[in-house]
Amino acid sequence: MAGQTVASLARPCFDAPEVKDNKAVYMHAQRSTKTFRQILLSGIVGSALLIGPTSLSVAQPETSDQVTEALSGVTTTLTGTYLSAKLAQDDQDLALAAHFYAQALEKEPENSLLLERNFALTLAVGKHDVAFKLADRMAEMNALKEAARQKAAKLKTEDADEDTVSVEKQQDDDVDHRITPMVHLALGVKALKGKSYTSAAKNFKAGMDELTNHPVDLLGPAPLRRNLNNPRLLSASAQYGPFALISQTVLHAWAVIGQDRKNLGAALKTLEGFDGSDVNQFFFSLHSGLIAAYAKDYPKAIKYLQESLEADPNSISTADALINALLKAGNEKRANEVLTDFLRSAADREDKMWLKTTYGALKPVASSIRSPQDGAAELFTTLGDALSQENAIEGGALYLQFADYLRTNHDQTNFALARLFERMKQDEMALTHFDKISKDSAIYGRAQRQSGFTLTRLKRPDEAITRLEGLLGDNASDLETVSILSRIFQSEQRYRDSIGLLTRGLDSLKTKRDIHWSLYFLRGSAYDQVKDWPNTEKDMLAALKLFPNQPTVLNYLGYSWVDRGLKLDKAIEMIRQAVALRPYDGFFVDSLGWAHYRMAEYEDAVNFLERAVELRPEDPTITDHLGDAYWKAGRKNEAYFQWNRVKTMQPKDDLLKQVDEKIQNGLIDTQDPSKKEK
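Residues numbered from 1 in each chain as written. Predicted model: local features only at pLDDT ≥ 70, side-chain atom pairs only at ≥ 80, totals over all residues. Heavy atoms only, no water.

Novice: Pulling in residues and values, what's your account of the packing of aromatic side chains?
Specialist: On inspection of all chains with the given rule, the structure shows 15 aromatic pairs. A centroid spacing of 6.3 Å and a plane angle of 75° characterise the contact between tyrosine 82 and tyrosine 101, whose relative ring orientation is edge-to-face. With a gap of 19 residues between them, tyrosine 82 in helix H4 (residues 78-90) and tyrosine 101 in helix H5 (residues 94-107) connect regions that are remote in the sequence. The class for tyrosine 82 is partly exposed, based on a relative accessible area of 33%. Geometrically, the ring pair formed by phenylalanine 380 and tyrosine 399 is edge-to-face, given 5.2 Å between the ring centres and 80° between the ring planes. Here phenylalanine 380, found in helix H19 (residues 372-389), pairs with tyrosine 399, found in helix H20 (residues 393-406); they are 19 residues apart in sequence, far enough to count as distant. An identical accessibility class is assigned to phenylalanine 380 and tyrosine 399; each is buried. Through successive ring pairs, a cluster of aromatic residues spans Trp517, Phe521, Phe547 and Tyr556. Against the face of tyrosine 294 rests arginine 261, its NZ or CZ located 4.0 Å from the ring centre. Above the ring of tryptophan 631, the side-chain terminus of lysine 636 is found at 4.6 Å from the ring centroid. (Phe/Tyr/Trp six-rings, centres within 6.5 Å; stacked < 30°, edge-to-face > 60°. Helix = DSSP H or I, 4+ residues; strand = E, 2+ residues; numbered from the N terminus. Buried < 20%, exposed > 50% of the residue type's maximum accessible area, 1.4 Å probe, protein only. Lys NZ or Arg CZ within 6 Å of the ring centre and 35° of its normal.)

The following block contains the structure:
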């Protein structure tokens, strides 16, 4: 659909989220994700849920302390607080969920499940001291329950209903098998932080044994079995499933080496025995290498780190550790070969620049992993970031907070936390973590670019532009920054600035490759917004020349031709190709429906536009298109219904005016795009 701006159409070759210029879509999405939080934070508790009579336009608290203050004095019930906690958790609002679980626990302090939920959510929002006190309570409760079980087993009263006892025991055991690994993980991390390595190793080993001997059925009911990548499933796995077993195994190895560097053999043996998948080869080989390097056994470190780099040749952390180990072992030749290979890899450009700057002189540097705490934090950062990228918010937050607890204010952890808060739609918190990243870090530029989007969402676009212009300077060859800044310009309707910046970026290229299609696309769409059709068409064709089957460009150019009544046969074929490549993209399906409309094939138009509205029910332009198609197909009542729906979607002023006229007078020739001159 050509009417959609580039900010919401394109995700170029650079990893950055969209800046939406489609105000209706953006505002609808924001409302739908925040409504529950706003109602809770502006209302009072009824018999079960909170119903909010006050305005929803007030600024929303983000930290757990702000949430507690906002809800102080609100009357609660156990049912109400528990249901509110569950709803907040479903909405991935961890601070709000933690608040309500804490209230529920106050009302039923001996409830094991509430205690576990309160611990996990309290830790996930960064309240470490409170969380570890809860872990101590869970450990005490488990000990008391185990003592009670042993006493009951000795008594074995004859009049007991064995079936009832068996069911209750099974339910208790299921809860305990979920809680116990979390208790050992938390107490192990706390001991590791305090350098009580023997206690840490004991707890991690107990956690490993519990996870191995009493595995929990994570899949549960049939719906979860159909989606093994379900975010809840992944978060559960991080706490008492396979992810947790991996974590506690690696943590145990770090605790063992922390006791004495002479324990290297025992630590490495802990990491043996897992399957030989690429993921496990990368992960366990990496930590085996880091542990060996910490023990100053550089030949072993080199062996394991080489295996890890072979599993993932683009890993900056592995390349860094391997080159440093080689240099400390005196093997400058091999170190230079690894550096050269990495510079040729598909790794991030800034990672390559940082590695080249750090090791260009082929001199060893201080290791980034200087203690078992650093090694454990590296583990939690890697896994926590991976979980949050899969939208497993609770599991990701839990691991990243462990990382921050063990290695405070580390750049990689701050970046991962910032991205996590972005996914939780807490942009102020995200910006705080982006701004903690040091200027000499390999990810500083990435953080600055990402914070540009964050500032734009916070309605501070001028700050975003100033920040990105400072990062860019006179270096228009920094195409990632050029791409992001140009999109922010477009989101602010500064199309001429976007065109000028993109032209500078394109002029900096000696050779244009397929990955540069997005720069032409971005510039072409900006030309489209200033009504420069010749240059729009020219840039879209240039993008297709670089990347002939790029579906976004096929759709945009095809739609533009259809909307102007140009090259209809070729246009509809291009749009069909785009839809075939992305059949679930509502904008593409809309383009195909609109093409049939322009060709007066109204029944076909209705079929495709109905599908487009199913895929994008919040988009006013697609809904308006469906209304027009219904009118032409003789389904006038349905047309009026769709046009009235458009008015509820906060359309732009020109579309609102057109819809009002159609509701008043019906679709007349002067409003009908199919009657435009071709």
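Novice: Now, about the pattern of salt bridges: what can you tell me, with residues and values included?
Specialist: Counted by the stated rule, this structure contains 34 salt bridges. The partner of aspartate 478 in a salt bridge is arginine 349, and the shortest N-O contact between them spans 3.0 Å. Residue aspartate 478 is found in the loop between helix H24 (461-472) and helix H25 (479-491), and its partner arginine 349 is found in helix H18 (residues 349-359); the two are separated by 129 residues along the sequence. A relative accessible area of 6% places aspartate 478 in the buried class. Across the salt bridge formed by glutamate 537 and lysine 567, the nearest N and O atoms sit 3.6 Å from each other. In this pair, glutamate 537 is assigned in helix H28 (residues 533-546) and lysine 567 in the loop between helix H29 (551-563) and helix H30 (568-581), connecting sequence segments 30 residues apart. Residue classification places glutamate 537 among the buried residues on the basis of a relative accessible area of 17%. Connected through shared salt-bridge partners, Arg349, Glu350, Arg449, Asp478 and Glu480 make up one network. (Salt bridge = Lys/Arg side-chain N within 4 Å of Asp/Glu carboxyl O.)

Novice: Tell me about the environment of alanine 255, and name the residues and values.
Specialist: Inspection of the secondary structure assignment puts alanine 255 in helix H12 (residues 242-259). In sequence terms alanine 255 and alanine 376 are 121 residues apart; their C-alpha atoms lie 8.9 Å from each other.

Novice: Lay out the nonpolar core with the relevant residues and their values.
Specialist: Within the largest apolar cluster, 115 residues are counted, with the highest numbers of intra-cluster contacts made by Phe119, Val189 and Phe380. Top element by residues in this core is H12. It accounts for ten residues. When neighbours within four sequence positions are excluded, phenylalanine 119 is seen to be in contact with Ala131, Leu134, Ala135, Met138, Met182 and Ala186. Residues Val482, Trp594, Ala629 and Val659 belong to the second largest nonpolar core, which totals 64 residues. (Core = buried A, V, L, I, M, F, W, Y, C linked by side-chain atoms within 4.5 Å. Contact = heavy atoms within 4.5 Å.)

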